[in-house]
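Tertiary structure, described
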Amino acid sequence: EEANNEKESPYISSILPGWFSEISPLWPGEAHSLKVEKILFQGKSDYQNVMVFQSSTYGKVLILDGVIQLTERDECAYQEMITHLPLCSIPNPRKVLVIGGGDGGVLREVSRHSSVEQIDICEIDKMVIDVSKQFFPNVAIGYEDPRVKLHVGDGVAFLKNVPEGTYDAVIVDSSDPIGPAQELFEKPFFESVARALRPGGVVCTQAESIWLHMHIIEDIVANCRQIFKGSVNYAWTTVPTYPSGVIGFMACSTEGPAVDFKNPINPIDADDSHTKTRGPLKFYNSEIHSASFCLPSFAKRVIESK
Ligand code: SAM
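These numbers were taken from a predicted model, which means no experiment stands behind them. (Residues numbered from 1 in each chain as written. Predicted model: local features only at pLDDT ≥ 70, side-chain atom pairs only at ≥ 80, totals over all residues. Heavy atoms only, no water.)

Tallying secondary structure elements over the protein gives 11 helices and 12 strands in all. Taken over C-alpha atoms, the radius of gyration comes to 19 Å for the protein, in line with the 19 Å a tight globule of 306 residues would show. Considering only C-alpha atoms, the protein reaches an extent of 70 × 45 × 35 Å along its principal axes. Here the protein holds 306 residues, and 54% of them are scored as buried. For the protein, restricting intrachain contacts to residue pairs at least 6 apart in sequence, the fraction spanning at least 24 positions comes to 69%. In the structure as shown, the protein presents an accessible area of about 14,200 Å², 51% of it carried by carbon and sulfur atoms. Of the side chains in the protein, 27 bear a positive and 40 a negative charge, and the two mean positions are spaced by 5 Å. (Helix = DSSP H or I, 4+ residues; strand = E, 2+ residues; numbered from the N terminus. Rg over C-alpha atoms; globule rule 2.2 N^0.38 Å. Buried < 20%, exposed > 50% of the residue type's maximum accessible area, 1.4 Å probe, protein only. Contact = heavy atoms within 4.5 Å. Areas by Shrake-Rupley, 256 points an atom, 1.4 Å probe, with all protein chains shown as cover. Lys, Arg positive; Asp, Glu negative; His and termini not counted. Charge placed at Lys NZ, Arg CZ, Asp CG, Glu CD.)

Looking at the secondary structure, you find D125 in the loop between β7 (118-123) and α4 (126-135). For D125, the residues in contact, after removing those within four places along its chain, are S45, Y47, Q48 and V50.

What follows deals with the UniProt feature "domain: PABS" (unreviewed entry) in the protein. Within this structure's numbering, the places UniProt gives as "domain: PABS" (unreviewed entry) are residues 17-254. Taken end to end, residues 17-254 is 26% helix and 35% strand, and its first and last C-alpha atoms sit 50 Å apart. (UniProt positions renumbered as here; feature names shortened; annotations may be inferred.)

What follows deals with the UniProt feature "active site" (unreviewed entry) in the protein. In this structure's numbering, the residues bearing the UniProt feature "active site" (unreviewed entry) are D173. Apart from the residues within four sequence positions on either side, D173 is in contact with Y78, Q79, I82, I99, G100, G101, D103 and V106. Within polar-contact distance, the side chain of D173 engages the side chain of Y78 at 2.6 Å. (Polar contact = N/O pair within 3.5 Å; in protein donor to acceptor, adjacent residues only side chain to side chain.)

Pairing between sheet strands relies on hydrogen bonds along the backbone, with the strands arranged either parallel or antiparallel. Spatially, 7 strands are ordered β8-β7-β6-β9-β10-β12-β11 in an open sheet, and the strand pairing comes out mixed. The open sheet has two free edges, formed respectively by β8 (148-152) and β11 (231-238), since each of these has just one partner strand. Averaged over all pairs of adjacent strands, the angle between their axes in this sheet comes to 15 degrees, without regard to strand direction. Judged from the 5 bridges that link them, strand β10 (residues 197-206) and strand β12 (residues 246-253) form a sheet pairing that is antiparallel. Residue pairing in the sheet places C204 in a bridge with A251 of β12. In the packing of helix α2 (residues 75-87) onto the sheet, contacts are made with β6 (95-100), β9 (167-173), β10, β11 and β12, and the angle to β9 comes to roughly 155 degrees. (Pairing = 2+ DSSP bridges. Axes fitted to C-alpha atoms, helices over the stretch in contact; angles between N-to-C directions.)

Among all positions of α4, only V128, I129, V131, S132 and F135 are buried. Tucked inside the fold, the buried residues of α4 contact β2 (32-44), β3 (49-55), β4 (60-64), β7, α5 (137-140) and β8. Put simply, D125 is the residue that caps the front of α4, since its side-chain oxygen is 3.0 Å from the backbone nitrogen of M127.

If you want it as structure tokens, here you go:
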């Protein structure tokens, strides 16, 4: 028997030569792999290792510290959902802040909303911005909108200096809580987000995977329930190149005019002038917006108990 187990199987290779494998303590015992056609960029910024490669089936891929941030093929699912979940849930968003999101994809999505007058972004790592402009023009196109104002710096420090009640919406497009984004998952950060929002303002943050990170999600939900007195909701969507193939979002509102995230009142699909330079929405629609708040029973139990 034992001898049999030791036989070489054609399906098990010690290392996949020419493939990128995403290995991290955040998803022990598994590693998603993509076949690499060509490495296009490798650099080390003050904050992280940055890499871009051409994959065989997902287009170009952006990696930070060994973790996939986006691929050309499926970035639409993440960028459209994290943006339109909050912005389609309130009437006439005018001032929007993006924390992280250096690739520019969330900016591209925010700028589809004609009511928006001001889009501030605070990204810590200039190398991510430059690399995105060089290799991901259809994502970095977000920077071309004249309403965008870029601040290069730490989102935690930036928020501390924002006057109370400034924004209608804050979108936290962060990397995982190991490295520069760690504080973006902690209670003091959520408190400063709440302070920066007007009454009835909304926040949407990257909130990891229900398959891998229920312990992290539990903490985030518990913190948010203490801080956001309007509503606290968890939504999720599919992104094939994220660990476990899904990613979640915390969608919360501050005390004030009520926000019902599950029933979007500001549909973006109504008017298509935003598609001219940016192309059509590929993923988001009003039905998927409402559906994204339906949770599998195991996750519902935990999230509702917090
Ligand atoms: N938008 C992407 C997508 O389509 O999936 C993924 C994530 S985006 C590249 C995450 C960004 O958050 C990174 O560029 C990272 O540098 C930035 N970031 C991490 N910590 C930060 C902090 N403390 N303040 C501001 N930005 C931060």
